[in-house]
Every structure is written in structure tokens, then in C-alpha cells.
Amino acid sequence: MGSFFSETLPGLLLNIVTVLTATVYLVRMDAMLIIVLFASYPVMLIVADKLSKKLAELAKKLRTHMDQRTQEAYDAVQGIVVCRWRMGGRI
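This report concerns the structure included in the present document. (Residues numbered from 1 in each chain as written. Predicted model: local features only at pLDDT ≥ 70, side-chain atom pairs only at ≥ 80, totals over all residues. Heavy atoms only, no water.)

## Observations regarding the overall build of the chain
- Along its length, the chain carries 2 helices and 0 strands.
- Taking all 91 residues of the chain together, 2% fall into the buried category.
- In the structure as shown, the chain presents an accessible area of about 8300 Å², 70% of it carried by carbon and sulfur atoms. (Helix = DSSP H or I, 4+ residues; strand = E, 2+ residues; numbered from the N terminus. Buried < 20%, exposed > 50% of the residue type's maximum accessible area, 1.4 Å probe, protein only. Areas by Shrake-Rupley, 256 points an atom, 1.4 Å probe, with all protein chains shown as cover.)

This is the structure in C-alpha cells:
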């Protein structure tokens with residue numbers, strides 16, 4: 001609870017004040033601009049959410065692929081070590 005009041009709450013209040021100040025400034029400049037901004041924001045969030053899910057899936061596939069390749073390389077190196085050891089002497 002202590003970190004909430006010392007770290008989280010001040011950052012949250014700062015962000016709220018920043019958004020409100022920018023909104024008021026944009027409304028004074030061009031009200032239509034702020035309406036378009038607020039109307040398009042949910043669409044942007046939905047698109048970003050779908051893209052992040054696809055990117056997470058691709059990253060998981062990449063990690064799996066890289067793990068398999070690392071394991072294959074490790075097995076190949078271990079095979080060389082075992083063959084040298086068995087063929088007559090220490091390495």
C-alpha cells in the first residue's frame with residue numbers, strides 16, 4: 001500500500017492532468033479534432049490489441065524455433081566430444 005501512495009498515485013494524477021490539459025487545449029484550437037480523436041481512439045486500441053496478440057504468437061514460435069536449433073547445435077557438439085573421447089584419448 002505504501003508504494004501506491006508514493007509511486008502509483010502521483011503518476012496516475014500526473015497522467016490525468018496531462019490528458020485533461022491537452023484535451024482543453026485541443027478543444028480551444030479545434031473541437032472537431034478532439035471529437036475525431038476520441039472517436040478513433042477505441043478503434044486504435046482494438047487494432048493494437050489484435051496486433052499485439054499476433055506478435056506474441058509469432059515471438060513464441062520464434063523462441064520455440066530458436067530453442068530447437070540451439071538444442072540441435074548442442075547435441076551436435078556433444079556428439080563430437082563423445083566421438084573424440086571414445087576414439088582413443090582425452091580431449
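More follows now that the structure is in view.
## Side note on the pattern of salt bridges
- Here the structure, examined in full by the defined rule, presents 3 salt bridges.
- As a salt-bridge pair, K53 and D49 come within 3.4 Å of each other at their nearest N and O atoms. Taken together, the residues span about one helical turn, with K53 and D49 both in helix α2 (residues 31–86) at a distance of 4 residues.
- E72 is the partner of R69 in a salt bridge, and the nearest nitrogen-oxygen pair spans 3.1 Å. On the criterion of helical spacing, the pair formed by R69 and E72 is a turn pair, its members being 3 residues apart in helix α2.
- By relative accessible area, R69 is classed as partly exposed at 41%. (Salt bridge = Lys/Arg side-chain N within 4 Å of Asp/Glu carboxyl O.)

## Focus: the environment of T23
- Looking at the element boundaries, T23 is found in helix α1 (residues 2–29).
- Setting aside its immediate chain neighbours within four residues, T23 contacts I34 and F38. (Contact = heavy atoms within 4.5 Å.)

## Points about a nonpolar patch on the surface
- Taken together, L37, F38, Y41, M44 and L45 make up a surface patch of nonpolar side chains, about 500 Å² in accessible area.
- Position of L45 relative to the elements: it lies in helix α2. (Patch = residues over 30% accessible without salt bridge, like charges linked within 9 Å, V, L, I, M, F, W, Y side chains within 5 Å.)

## A look at the side chain of T23
- Relative accessible area serves as the criterion here: at 18%, T23 is assigned to the buried category.
- Looking at T23, its side chain comes within polar contact range of the main-chain oxygen of V19, at 2.7 Å. (Polar contact = N/O pair within 3.5 Å; in protein donor to acceptor, adjacent residues only side chain to side chain.)

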